[in-house]
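Here is what each chain is made of, one letter per residue.
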Amino acid sequence: AVLAASGAALAFAAGAAAWALAPWLGPLGALAAALAFALSPSVVRGFALWGTPDLLFCALWLLFHEAWTRRADARHTGLLAALCWLARPNAVLFAPLYAAELLYREPERLKWGVGAAAWALAGCAPWAWLQWQAAGVLLNPNGLWNLAAGVLTEEPGWRYARVFSLGELQPDHVFALGRKTAAGLGRWLSLAPRFWQMEVLAPFCLLGLWAVGRELDTERRRWWPLCGALLAAQVLAFAPLRVESLGAHVAGRYELWFAPVWAALAVLGWRRATERSRFLP
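Residues numbered from 1 in each chain as written. Predicted model: local features only at pLDDT ≥ 70, side-chain atom pairs only at ≥ 80, totals over all residues. Heavy atoms only, no water.

1. Structural notes on the overall build of the protein
To keep things clear, this is the line we draw: The helix count covers DSSP runs of H or I at least four residues long, the strand count covers runs of E at least two residues long, and both are numbered beginning at the N terminus. Accessibility here uses a 1.4 Å probe with only protein chains present; expressed as a share of the type maximum, an area under 20% marks a residue as buried, one over 50% as exposed, and anything in between as partly exposed. Using a 1.4 Å probe, accessible areas were evaluated by the Shrake-Rupley method; residue-level cover was limited to the displayed protein chains. Positive residues here are Lys and Arg, negative ones are Asp and Glu, while His and the chain termini are left out of the count. Charge placement uses NZ in Lys and CZ in Arg. For Asp and Glu, CG and CD serve respectively.
For the protein, the helix and strand inventory stands at 11 helices and zero strands. Taken from N to C terminus, the helices and strands of the protein fall in the order α-α-α-α-α-α-α-α-α-α-α. Referenced to the eigenvectors of the C-alpha coordinate spread, the extents of the protein come out at roughly 60 × 45 × 40 Å. The buried share of the protein, taken over its 281 residues, is 43%. In the form shown here, the protein has an accessible surface area of approximately 14400 Å², with 68% of it arising from carbon and sulfur atoms. The protein carries 24 positive and 17 negative side-chain charges, and their two centres are separated by 5 Å.

Next comes the structure, spelled out in structure tokens:
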């Protein structure tokens, strides 16, 4: 049953990647990126066996990101945002960036953004209410537990059978939190090159980033840089919490949603490197 669920989630994520990337890479390019992601060593050896929530969030985020940047129907966009939060509560970290992107790019579409936010809140409300009844917090307490570890507690916070609050952080905890953040950033930077065991794509990804920077199309400029901003926001937010390493084969679990984007950049880089060839994906 676990393998069936994870296999279905992987198929969903690969299909969502192909569908969301098709406008930017074309059908064959999107298929190449989706297969590079789905058949990467980490996915095949690890996530396909037990990564159901990670793959599910990846699929839902791809669909939401495509809907948001396309300014699709507010109801569908908002409900996709709610599903992203239900799949992985830390999706709430992305909300300010999406709001800032809309205000910066298209402030005249503010009414659309408010509608999407309203539908997102409506989709999140039932589970948020149940969580409030059970734990007294609207957001998942994992973030507070991870924040407390090494600052308020010696062991991981979830071992104390209680929910912490931000109000428990005092001025004398600032230095401990700063040291933990710096150590977390250093650890993430040391792990990132081995995420998803897709190191072979790195040169093409860098070339793809350069190609994206030269794009003049407004929609593409909106799609790609926003992905990078979301990744940076997650890294900074997770640094004082917990940087997880489950081994070389499955490193980058919380960043798995970015793996299809990494593969897509590799496709763009491959095209740039072989633009004179007839054999293009």
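2. Some remarks on the confidence of the model for the protein
The condition is simple: Confidence of the predictor at the level of single residues is given by pLDDT, which spans 0 to 100.
Averaged over all residues, the pLDDT of the protein equals 88, while 94% of them reach at least 70. Within the protein, helix α7 (residues 142–148) has the poorest average pLDDT of any element, 82, and helix α4 (residues 74–87) the best, 96.

3. Let's talk about empty space enclosed by the protein
Condition: Definitions used for this entry: grid spacing 1 Å over protein atoms alone; cavity, a set of points where a 1.4 Å probe fits but cannot get out; pocket, an open set with protein on both sides within 12 Å along at least 5 of 7 lines; lining residue, one with an atom within 4 Å of a point. Grid points are joined across faces, edges and corners, and a volume is the space filled by probe spheres set on the points. Residues are sorted three ways: Asp, Glu, Lys and Arg are charged, Ala, Val, Leu, Ile, Met, Phe, Trp, Tyr, Cys and Pro are nonpolar, and all the rest, Gly among them, are polar.
In this structure the tally under the stated criterion is two cavities of 30 Å³ or more. One number sums up the size of the largest cavity: a volume of about 100 Å³. In terms of lining residues, the largest cavity is bounded by Trp188, Leu191, Phe195, Phe238, Arg242, Val243, Glu244, Gly252, Arg253, Tyr254 and Glu255. Residue classes in the lining of the largest cavity are distributed as six nonpolar, one polar and four charged. Approximately 40 Å³ is the volume attributed to the second largest cavity. The residue inventory of the lining of the second largest cavity, partitioned by class, reads seven nonpolar, one polar and no charged.

4. Let's talk about the packing of aromatic side chains
Stated formally: Stacked, edge-to-face and tilted are the three classes for Phe, Tyr and Trp ring pairs, Trp counted by its six-membered ring, which pair at centre distances within 6.5 Å; planes under 30 degrees apart are stacked, over 60 edge-to-face, the rest tilted. Whether a charge lies above a ring is judged from NZ of Lys or CZ of Arg, which has to be within 6 Å of the ring centre and within 35 degrees of the ring normal.
Scanning all chains against the criterion turns up 14 aromatic pairs. Here Trp24 and Trp223 contribute two aromatic rings whose centre-to-centre distance is 6.2 Å and whose plane-to-plane angle is 55 degrees, an arrangement assigned as tilted. One end of the pair, Trp24, is in helix α1 (residues 2–38); the other, Trp223, is in helix α10 (residues 218–238), with 199 residues separating them in the sequence. Exposure class is identical for Trp24 and Trp223. Each is buried. Aromatic ring contacts, followed pair by pair, group Trp61, Phe94, Trp257 and Phe258 into a single cluster. Arg253 extends its terminal NZ or CZ atom over the ring of Tyr254, reaching a point 4.5 Å from the ring centre.

5. So, the environment of His249
For clarity, the cut-off: Residue contacts are defined here by distance: any two heavy atoms, one from each residue, within 4.5 Å place the two residues in contact.
Locating His249 in the fold gives a position in the loop between α10 and α11 (259–273). Using a relative accessible area of 38% as the deciding quantity, one classes His249 as partly exposed. Sequence separation between His249 and Val44 is 205 residues; the distance between their C-alpha atoms is 9.5 Å. With residues near it in sequence (within four places) discarded, His249 still touches Ser42, Arg45 and Gln197.

6. A few points about the packing of helix α3 (residues 52–70) against helix α5 (residues 95–105)
Applicable threshold: Axis lines are fitted through C-alpha atoms, for helices just across the contact stretch, and the angle between N-to-C directions can take any value from 0 to 180 degrees. In this scheme, roughly parallel covers angles under 35 degrees and roughly antiparallel covers those over 145, while 65 to 115 is roughly perpendicular and the rest are oblique. Each helix crossing is assigned a hand: it is left-handed if the near helix lies turned anticlockwise from the far helix by less than a right angle, otherwise right-handed if that turn is clockwise.
Running from N to C, α3 and α5 point in directions that differ by 20 degrees, and their axes come no closer than 12 Å. In terms of orientation, α3 and α5 fall into the roughly parallel class. When the axes of α3 and α5 are compared, the crossing they make is right-handed. Between α3 and α5, the contacting residues are Trp61, Phe64, His65 and Trp68 on the first element and Tyr98, Ala99, Glu101 and Leu102 on the second. Split by residue class, the contact of α3 with α5 holds six nonpolar, one polar and one charged.

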